Every structure is written in structure tokens, then in C-alpha cells.
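# Structure at a glance
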Amino acid sequence: MAEGSIPAEPLRGAQPVQPERGELHRTSKINIFAIDDKVTKTHEDHVTKQGFGYSSPLAKPEVSESTHYRWEGELHPNAAERVSRPDYVSSSNVRDSIEALAENFAQNYRDRQDPVLQQRGEASYSLQFQPTQEQIDELMKTNPDVARVVRGLKPEEQETFMNAFRKANKVAAGKK
């Protein structure tokens, strides 16, 4: 496999992202997924000139929907960390746009390659465009007031992510 390439696995049952300890120099799985939140607002918050806060009921409940995108997985240690911590670093990030998330992951991807895997011609990371059951369970219990759907990326979101990821890597390569 060419240096800098990432095999993207098709949507199917995601496997856990936790590596076995001591299992160094293996391709690490990164899960990329969407979080759809739906919030029903029944009160409006106000602040008086004196700085006191109070709420008043809304005449009609307001529903707002938003989608956030997240990547999560085990990153290879960067050059400075390899001396003191040779195993993987659990990491994640959330962005409001799929393009911003791809740019963020591209930065981590470039800075955290495994030199042994690169030398062998193997990819340091593989992408799965859906969360694991463990990730879904964890996110579902974070805010009970929000109707939350944790889902895999749709095909068009996957394509947008990969295009933005490739573009971010191309821009970074041009700066070197």
C-alpha cells in the first residue's frame, strides 16, 4: 500500500477500537460517525441588568436539530511520545462540519504515523465510517435531555470526508 494511503472499510459491524496492550505496530482503526441531536426548548432564559437569571415559558415549544461529526480511536504515539509511551494514545475530536473534522483528523494522521508500519509499506490507520456499540452506549448516556441518534456516515458524508481529508493532506504536503 502506498505511503499515506488509508484503507476505508465499508459499513458493516464495527469492531472495538481498543488495541490489545503490547500489540504494537499494527494498523489502528479510527471510527468516524455522526451524532444527530434534537432539543426541545420549552423555556427562554433571561438575564436582568443586575445579572440575575430567570426563565419564562415559551408559548410554543421550539425544536432545534443539529448534527455533529466525530472521529475516535487509538493514535500511534508521535516522535516525542515514543520514548516515554510507546503504546497507543486514545483520542477523539468533534466538529460541526464533516470538512472541519476531516482537516482535524488529517493533522493527527500526518503527525502520528507508525514508522515500523511505514517501513513495511503498511497503513498506520484504517477508517470505519460508523461507531462501535461501546461508543454509541457512551454517547447515549451523556445528556438525557437531548434526543440523540448516533449513526454511521451516509455514503455522501463518507465521500465528503475523504475528499476533504485528501485536500488537507495535499495542502500540507505543498507547505513542506
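None of the values given here were measured: they were computed from a predicted structure.

What counts as what
- The written sequence of each chain sets the order in which its residues are numbered from 1.
- Predicted model: local features are reported for residues with pLDDT of at least 70 only, side-chain atom pairs are reported and counted for 80 or more only, and whole-chain, interface and lining totals are derived from all residues.
- Hydrogens are left out, water is left out, and the side-chain values use all remaining heavy atoms of the structure.
- Numbering of helices and strands runs from the N terminus, with a helix taken as a DSSP run of H or I at least four residues long and a strand as a DSSP run of E at least two residues long.
- Relative accessible area decides the class of each residue, using a 1.4 Å probe on protein chains only: under 20% of the type maximum gives buried, over 50% gives exposed, and in between gives partly exposed.
- Throughout, a residue-residue contact means that at least one pair of heavy atoms, one from each residue, lies within 4.5 Å.
- Taking the helix axis as origin, the arc is that swept by the directions to the C-beta atoms.
- Residues enter a nonpolar core if they are buried and are Ala, Val, Leu, Ile, Met, Phe, Trp, Tyr or Cys, with the set joined through side-chain atoms within 4.5 Å.

### What to know about the overall build of the protein chain
Secondary structure assignment for the protein chain yields five helices and six strands. Start at the N end of the protein chain and walk to the C end: the helices and strands fall as β-β-β-α-β-α-α-β-α-β-α. Counting the 176 residues in the protein chain, one finds 36% classified as buried. For the protein chain, restricting intrachain contacts to residue pairs at least 6 apart in sequence, the fraction spanning at least 24 positions comes to 72%.

### Let's talk about helix α4 (residues 133-140)
Restricting attention to buried positions, one finds in α4 the residues Gln-135, Ile-136 and Leu-139. Projected down its long axis, α4 carries its buried residues within an arc of 100°, all on one side. When the buried face of α4 is taken as reference, the exposed residues oriented beyond 90 degrees from it are Gln-133 and Glu-134. Of the surrounding secondary structure, the elements contacted by the buried residues of α4 are β2 (28-47), β3 (53-75) and β6 (147-152).

### A short note on the side chain of Ser-124
By secondary structure assignment, the location of Ser-124 is in the loop between α3 (115-120) and β5 (125-128). Among all residues touching Ser-124, those that are not within four sequence positions of it are Arg-26, Thr-27, Ser-28, His-76, Gln-113, Asp-114 and Leu-117.

### Some words on the environment of Pro-131
Position of Pro-131 relative to the elements: it lies in the loop between β5 and α4. Among the residues examined, Pro-131 registers a relative accessible area of 9% and is labelled buried. Here the alpha-carbon distance between Pro-131 and Val-150, two residues 19 residues apart in the chain, equals 7.6 Å.

### Considerations on the nonpolar core
By size, the foremost hydrophobic cluster in this structure holds 21 residues, and its most contacted members are Ile-30, Ile-32, Phe-105, Leu-127, Phe-161 and Phe-165. Secondary structure elements with two or more residues in this core: β2, β3, α2 (98-111), β5 and α5 (155-175). Counting five residues, the second largest nonpolar core, distinct from the first, contains Phe-33, Ile-35, Leu-139 and Val-150.

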